[in-house]
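# Structural overview
The residues making up each chain are set out below.
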Amino acid sequence: MPQYVIERELPGAGKLTPEQLKEIAQKSCGVLKNMGPAIEWVHSYVATDKIYCIYNAANEDMVREHAKEGGFPANVVTEVSAVIDPATAEL
């Protein structure tokens, strides 16, 4: 299944409380449950004014549908073409 990085512009994201992050996660999981197994949230990185999410999904349209149904911004959706890490240097 393709993997996507979603950039969500959310001013003040880095100041969200644990309770607010929990509510966002619960909303996201509820939408995903209704969408079925063709889309999966892997994890997200919360930064100052953005949240970067990693999703596995059948296609970009599903990622955008999740954002629409959940009321989340999806300002940029990019399909991942490769993943590298320090171990890549050893290949």
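Scroll up a little and you will see the structure.
Every chain's residues receive numbers from 1 upward, in the order its sequence appears when written. Per-residue local features of the predicted model are confined to residues with pLDDT of at least 70, and side-chain atom pairs are confined, for both listing and counting, to 80 or more; whole-chain, interface and lining totals are unaffected and use all residues. As a rule here, side-chain values come from all non-hydrogen atoms in the structure, and water together with hydrogens is ignored.

Moving on to helix α1 (residues 18-35). We count a stretch as a helix when DSSP gives it H or I for four or more residues in a row; a strand needs E for two or more, and each element gets its number in order from the N terminus. A helix is expected to reach a length of 1.5 Å times the quantity of its residues less one. With 18 residues, α1 ought to run about 26 Å at 1.5 Å a step, and its terminal C-alpha atoms sit 26 Å apart, in line with that. Of all the residues in α1, the buried ones are S28, V31, L32 and M35. Projection of α1 onto a plane perpendicular to its axis shows the buried side chains occupying an angular sector of 100°, all on one side. Away from its buried face, by an angle of more than 90 degrees, α1 presents the exposed residues P18, K33 and N34. On its buried face, α1 sits against β2 (39-46), β3 (50-57) and α2 (60-70). Of the residues flanking the end of α1, it is G36, one or two places downstream, whose phi is positive at about 95°. Using a 1.4 Å probe on the protein chains alone, a residue whose accessible area is under 20% of its type maximum counts as buried, one over 50% counts as exposed, and one in between counts as partly exposed. To obtain the arc, one takes the directions from the helix axis to the C-beta atoms. Contact definition: two residues touch when any of their heavy atoms are within 4.5 Å.

A few words on the pattern of salt bridges. For this document, the term salt bridge refers to a Lys or Arg side-chain nitrogen within 4 Å of an Asp or Glu carboxyl oxygen. A full pass over the atoms with the stated rule returns 2 salt bridges. Here E7 and K50 are joined by a salt bridge, their closest N and O atoms 2.9 Å apart. With E7 in strand β1 (residues 3-9) and K50 in strand β3, this residue pair connects regions lying 43 residues apart in the sequence. Relative accessible area serves as the criterion here: at 26%, K50 is assigned to the partly exposed category. For E60, the salt bridge goes to R64, with nearest N and O atoms at 2.9 Å. Taken together, the residues span about one helical turn, with E60 and R64 both in helix α2 at a distance of 4 residues. Given a relative accessible area of 31%, E60 falls into the partly exposed group. With relative accessibility at 34%, the residue R64 sits in the partly exposed group.

Moving on: the environment of V83. Note that V83 resides in the segment after β4 (76-79). Ignoring anything within four residues of it in the chain, the contact list for V83 reads Q3 and T88.

Within this model, the largest pocket holds a volume of roughly 230 Å³. Where the lining of the largest pocket is concerned, the elements lending two or more residues are α1, β2 and β3. The element contributing the most residues to the lining of the largest pocket is α1, with 4 residues. Ten residues, namely Ala, Val, Leu, Ile, Met, Phe, Trp, Tyr, Cys and Pro, are considered nonpolar, four, namely Asp, Glu, Lys and Arg, are considered charged, and the remaining ones, Gly among them, are considered polar. Grouping the amino acids of the lining of the largest pocket by side-chain chemistry returns 11 nonpolar, 3 polar and 1 charged. Two kinds of site are reported from a 1 Å grid over the protein atoms alone, namely cavities, where a 1.4 Å probe fits but cannot get out, and pockets, open sets with protein on both sides within 12 Å along at least five of seven lines, and residues are called lining when an atom falls within 4 Å of a point. Grid points are joined across faces, edges and corners, and a volume is the space filled by probe spheres set on the points.

If you trace the backbone, S28 turns up in helix α1. Setting aside chain neighbours within four positions, we find S28 in contact with W41, Y55, H66 and F72.

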